[in-house]
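Residues per chain are reported as follows:
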Amino acid sequence: MIAAIRSEWIKVSTITVTWVLVVVAVAFPLVVTILTAALADDLDRGDLADVLAGTTLVSAMLLGVVACLSITNEFSHGTIRPTFAALPDRWRPLSAKLIVQVAIALVLAALIVGVGWVVGAAITSRPTSLDDGAGAALVGVVVLAVGLALLGYGLGLLIRNSAAAICVLLLWPLIGEGIIAGLLTVIGADSAVRFLPYSAGFNMAVSEPDPDSFGRVAGGIYFFVWVAAIVAAGLVRTHRRDA
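These lines cover the structure that appears in this document, whether it is placed above or below. (Residues numbered from 1 in each chain as written. Predicted model: local features only at pLDDT ≥ 70, side-chain atom pairs only at ≥ 80, totals over all residues. Heavy atoms only, no water.)

### Section: a nonpolar patch on the surface
In step 1: Residues Leu171, Leu174, Ile175, Ile179 and Leu183 make up a contiguous nonpolar surface patch of about 490 Å² in total accessible area.
In step 2: Checked against the element boundaries, leucine 171 lands in helix H7 (residues 162-186).
In step 3: Since its relative accessible area comes to 40%, leucine 171 is described here as partly exposed. (Patch = residues over 30% accessible without salt bridge, like charges linked within 9 Å, V, L, I, M, F, W, Y side chains within 5 Å. Areas by Shrake-Rupley, 256 points an atom, 1.4 Å probe, with all protein chains shown as cover. Salt bridge = Lys/Arg side-chain N within 4 Å of Asp/Glu carboxyl O. Helix = DSSP H or I, 4+ residues; strand = E, 2+ residues; numbered from the N terminus. Buried < 20%, exposed > 50% of the residue type's maximum accessible area, 1.4 Å probe, protein only.)

Structure (structure tokens):
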């Protein structure tokens, strides 16, 4: 298994697009947070945490794209076939790829949040300690980044086409759920909005979750149930079908 994980790390770390996405994912929240801390007047700890968590959401989605491309590129270029030929038990390479992507998302998201908070607090001369809501939001956005990496991986297994899988990953929360939420509001079913997966998951990354939602913990669990179902479906499909 260690050899399979090492092989997957070599694959993902030698692709140019991976490094481009990682650099943008790391730089964007840090630059915005540092500039906000330097230029804004009377920025308190809660506001700083909201800025950092909000911009790290973009990073989380980019890390989801990295995970998605890690599997769709293999199917598109046919490189998954020699992998499965070398490791006929498909669960091993698929699990190794999953472990690598989760590790990348977890480490990078934690690094972004840690560095962004310490540097931002130093610039604003605020204490580095966090209140409950702000701390939970920063932890939540790291957990959400892991969830989006898993989701990108699962969508890649199911769809196998890079453009289509990335569109679903990015456009569903940005456009799809917004349209559905608007329609539900029009017909007077506002309470059903809480059942939209992304809307529930995003509550993990805010200081004050929507009172009409499931809340931070329950919303996160609900989001991960959806993610687990998609990943499981992708794994089963890949295990049963020809590469």
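### Observations regarding the environment of isoleucine 166
In step 1: If you trace the backbone, isoleucine 166 turns up in helix H7.
In step 2: Assessed through its relative accessible area of 18%, isoleucine 166 is described here as buried.
In step 3: Between the C-alpha atom of isoleucine 166 and that of leucine 62, which follows or precedes it by 104 residues, the distance is 9.8 Å.
In step 4: Apart from the residues within four sequence positions on either side, isoleucine 166 is in contact with Val65, Cys68, Leu69 and Leu171. (Contact = heavy atoms within 4.5 Å.)

### Structural notes on the environment of tyrosine 198
In step 1: Tracing the backbone shows tyrosine 198 in helix H8 (residues 197-202).
In step 2: For tyrosine 198 and proline 209, which are 11 residues apart along the polypeptide, the C-alpha to C-alpha distance reads 13 Å.

### With respect to H7
In step 1: Between the first and last C-alpha of H7 there are 34 Å, a value that for 25 residues agrees with the 36 Å anticipated at 1.5 Å per step.
In step 2: Of all bends in H7, the biggest is about 65 degrees, found at tryptophan 172, and the proline proline 173 comes one to four residues later.
In step 3: Among all positions in H7, only Ser162, Ala165, Ile166, Leu169, Pro173, Gly176, Glu177, Ala181 and Leu184 are buried.
In step 4: With a side-chain oxygen lying 3.2 Å from the backbone nitrogen of alanine 163, the N-terminal cap of H7 falls on asparagine 161.
In step 5: Backbone geometry just after H7 places glycine 188 at a positive phi near 80 degrees. (Expected span 1.5 Å × (residues − 1). Bend = angle between axes of the 7 residues up to and from the residue. Polar contact = N/O pair within 3.5 Å; in protein donor to acceptor, adjacent residues only side chain to side chain.)

### Re the pattern of salt bridges
In step 1: Using the criterion set out here, one finds 4 salt bridges in the structure.
In step 2: For the salt bridge of lysine 97 with glutamate 74, the shortest nitrogen-to-oxygen distance reads 2.6 Å. On the criterion of sequence distance, the pair formed by lysine 97 in helix H5 (residues 91-124) and glutamate 74 in helix H3 (residues 45-77) is long-range, its members being 23 residues apart.
In step 3: For lysine 97, a relative accessible area of 4% corresponds to the buried category.
In step 4: Three or more residues joined by partner-sharing salt bridges are found here, namely Glu8, Lys11, Glu74 and Lys97.

### What to know about the packing of helix H2 (residues 16-39) against H3
In step 1: Interhelical geometry of H2 versus H3 gives an angle of 175 degrees and a closest axis separation of 9 Å. In this view, H2 runs roughly antiparallel relative to H3, as classed from their interaxial angle. Each of Val17, Thr18, Leu21, Val24, Ala25, Phe28, Pro29, Val32, Thr33, Thr36 and Ala37 in H2 lies in contact with H3, whose residues at this interface are Leu48, Val51, Leu52, Thr55, Thr56, Val58, Ser59, Leu62, Leu63, Val65, Val66 and Leu69.
In step 2: Broken down by class, the residue content of the contact of H2 with H3 amounts to 17 nonpolar, 6 polar and no charged. (Axes fitted to C-alpha atoms, helices over the stretch in contact; angles between N-to-C directions. Parallel < 35°, antiparallel > 145°, perpendicular 65-115°, else oblique. Nonpolar A, V, L, I, M, F, W, Y, C, P; charged D, E, K, R; others polar.)

### Notes on the packing of aromatic side chains
What characterises a pair of aromatic rings is the spacing of the ring centres plus the angle enclosed by the ring planes.
In step 1: Applying the stated rule across the entire model yields 5 aromatic pairs.
In step 2: With 6.0 Å between their ring centres and 50 degrees between their planes, tyrosine 198 and phenylalanine 223 make a pair best called tilted. Of this pair, tyrosine 198 sits in helix H8 while phenylalanine 223 sits in helix H9 (residues 216-240), placing them 25 residues apart in sequence.
In step 3: Assessed through its relative accessible area of 4%, tyrosine 198 is described here as buried.
In step 4: Overall, phenylalanine 223 belongs to the buried group, its relative accessible area being 2%.
In step 5: With a centroid separation of 5.7 Å and 85 degrees between ring planes, the pair formed by phenylalanine 223 and phenylalanine 224 is classed as edge-to-face.
In step 6: Its relative accessible area of 24% is what places phenylalanine 224 among the partly exposed residues. (Phe/Tyr/Trp six-rings, centres within 6.5 Å; stacked < 30°, edge-to-face > 60°.)

Geometry only, nothing functional implied.
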